[in-house]
Amino acid sequence: MAELLSTQETIEMFDKYVVANYGRLPVVLVRGEGSYVWDADGKRYLDLFSGWAVTSLGHCHPKLVAAVREQVGTLIFMANHLYTQPQGRLAKLLSETSFGGKCFFCNSGAEAIEAALKLARLHTAKEKYKVLTFEDSFHGRTFGAISATAQSKYHQGFQPLLAGFEYLPLNDLDAVRGAADDETCGILVEPIQGEGGVNLCTREFLQGLRDLCDERGMVLIFDEVQTGVGRTGKMFAYQHTGVVPDMMTLAKHLGGGVAIGALVAKPEVAASMKPGTHASTFGGNCVAAAAGCAVIQTILEDHLLDNANEVGGYAVAKLRELQQRQPKIRQVRGLGLMIGIELAESGAGVFKACLGKGLLINCTHDTVLRFMPPLTVSREEIDEGLAILAAALEEVD
Ligand SMILES: Cc1ncc(COP(=O)(O)O)c(C=O)c1O
């Protein structure tokens with residue numbers, strides 16, 4: 001085990017050796033268990049954000065730890081020109097819990113988006129290359145993914161972007177119908193926008209996109225990198241609507257903290273990705289795939305979708321009660337354990353005050369506080385977090 005450094009020593013090491021592309025807060029986390037993490041000074045934090053919706057089972061869940069330990073001691077890695085069993089098992093679990101698709105594995109959400117964009121072009125007619133995406137979307141930081149992301153702040157300094165993307169207002173079917181032409185190969189949409197501020201697509205909108213894709217020979221891609229694998233109280237968010245995509249991207253929750261991304265595509269669409277068209281050295285590696293299997297099996301065995309619905313509903317009800325007493329809260333919205341609290345003002349100060357009081361949440365889109373606790377979270381932990389939030393809202397001017 002490496003020697004434990006102090007907060008100051010760790011920050012100095014980062015200042016000297018790590019690229020400063022993140023606006024980091026001065027907290028060094030060294031340990032986690034369930035919904036809690038501890039910093040290098042021994043202070044405990046309640047983690048109701050799960051590191052951007054990654055630690056789906058909480059920190060160091062015993063079933064995840066056991067699965068990773070066992071795999072690490074058996075076979076850590078073998079390349080994709082041969083077969084390995086954890087990858088096959090994870091693909092089966094994903095297929096059986098979704099729409100019977102086939103999986104391509106990679107290591108992150110952005111890579112899953114790249115795979116989806118490439119497959120959209122491969123699968124549709126030769127002249128088709130354009131993709132329609134939506135205002136306030138977020139799809140990742142690679143060139144394809146930032147080009148798909150309709151928020152100009154992510155484009156600054158990187159133009160020219162990849163050609164062929166058109167950005168449209170969310171939930172505006174007429175705009176989509178007007179924009180789709182003979183060169184459009186697909187539509188990419190988050191069923192609930194995460195970074196954009198927890199904005200829900202209506203069922204009618206998603207059904208309209210489905211119908212349009214069917215009419216015009218385009219593919220419908222749901223970006224479930226943030227919403228997938230239990231976050232919204234169903235295994236995948238599209239399952240709330242009954243509208244089935246041609247492809248779905250996953251990452252974040254899937255490994256419970258171990259890096260993995262996946263593209264799930266209907267078998268007839270997946271068939272267009274032939275040997276040599278796409279690849280990832282580490283994609284679907286044994287350890288990440290074993291982690292993915294443990295996450296999905298634990299969600300099923302421990303009824304964590306029920307917990308997400310039950311505790312998520314409780315959290316929303318409690319937040320709406322708080323809204324009655326706290327005029328800074330404009331709206332509470334979300335599904336399952338993906339919850340956004342729209343404030344009447346910037347949330348940056350509240351988020352920092354929560355951190356100081358030992359609560360990890362997030363502020364996105366300037367005014368939206370976001371809660372994405374682990375799927376294992378309890379009502380008592382929600383109560384503890386909301387008491388801190390209420391105090392922080394009172395305190396911040
Ligand atoms: C909806 C969505 N898609 C894609 C991504 C990119 O994922 P990653 O950071 O793993 O590349 C994110 C990350 O926040 C996301 O929320």
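Placed above this text is the structure.
Residues numbered from 1 in each chain as written. Predicted model: local features only at pLDDT ≥ 70, side-chain atom pairs only at ≥ 80, totals over all residues. Heavy atoms only, no water.

**Student:** Please explain the side chain of Glu224 as it appears in this structure.
**Tutor:** Position of Glu224 relative to the elements: it lies in the loop between strand E10 (219-223) and strand E11 (247-250). Apart from residues lying up to four places away in sequence, Glu224 is in contact with Pro191, Phe236, Ala237, Tyr238, Met248, Thr249 and Leu250. (Helix = DSSP H or I, 4+ residues; strand = E, 2+ residues; numbered from the N terminus. Contact = heavy atoms within 4.5 Å.)

**Student:** Can you help me understand the packing of aromatic side chains in this one?
**Tutor:** The geometry of two aromatic rings is summed up by the distance between their centres and the angle between their planes. Using the criterion set out here, one finds 7 aromatic pairs in the structure. When the ring of Phe99 is compared with that of Tyr238, the centres are 5.8 Å apart and the planes differ by 65°; the resulting orientation is edge-to-face. You can see Phe99 sitting in the loop between helix H4 (85-97) and strand E4 (102-106) and its partner Tyr238 sitting in the loop between E10 and E11, a full 139 residues away along the chain. Across the pair, Tyr238 and Phe99 agree in class, each one buried. Ring geometry for Phe134 versus Phe205: centroids 5.4 Å apart, planes at 80°, classification edge-to-face. Of this pair, Phe134 sits in strand E5 (residues 130-134) while Phe205 sits in helix H8 (residues 203-216), placing them 71 residues apart in sequence. Of the two residues, Phe134 and Phe205, neither departs from the other in class, the shared state being buried. A network of ring pairs unites the aromatic residues Phe99, Phe236 and Tyr238 as a single cluster. Stacked on the ring of Trp38, the Lys or Arg Arg31 has its end atom at 4.1 Å from the ring centre. (Phe/Tyr/Trp six-rings, centres within 6.5 Å; stacked < 30°, edge-to-face > 60°. Buried < 20%, exposed > 50% of the residue type's maximum accessible area, 1.4 Å probe, protein only. Lys NZ or Arg CZ within 6 Å of the ring centre and 35° of its normal.)

**Student:** Sorry if this is basic, but what is going on with the packing of helix H11 (residues 304-325) against helix H13 (residues 379-395) here?
**Tutor:** Axes are the key here: two packed helices are described by the angle between their axes and the distance separating the axes. Following both chains from N to C, one finds H11 and H13 inclined at 25°, their axes separated by 10 Å at the closest point. It follows from the interaxial angle that H11 and H13 lie roughly parallel. Where H11 crosses over H13, the two elements pack in a sense that is right-handed. Contact residues: H11 offers Glu310, Val311, Tyr314, Ala315, Lys318, Leu319 and Leu322, while H13 offers Arg379, Ile382, Asp383, Leu386, Leu389, Ala390 and Leu393. Tallied by class, residues from the contact of H11 with H13 come to 10 nonpolar, no polar and 4 charged. (Axes fitted to C-alpha atoms, helices over the stretch in contact; angles between N-to-C directions. Parallel < 35°, antiparallel > 145°, perpendicular 65-115°, else oblique. Left-handed = near helix turned anticlockwise from the far one by under 90°. Nonpolar A, V, L, I, M, F, W, Y, C, P; charged D, E, K, R; others polar.)

**Student:** What should I look at first to understand the environment of Asp172 in this one?
**Tutor:** In this structure, Asp172 sits in the loop between strand E6 (165-168) and helix H7 (173-179). Since its relative accessible area comes to 29%, Asp172 is described here as partly exposed. Remark: the alpha-carbon pair of Asp172 and Val65, spanning 107 residues in sequence, is separated by 44 Å. A distance of 3.3 Å separates the side chain of Asp172 from the backbone nitrogen of Asp174, its partner in a polar contact. (Polar contact = N/O pair within 3.5 Å; in protein donor to acceptor, adjacent residues only side chain to side chain.)

By themselves, these are just geometric observations and shouldn't be taken as functional.
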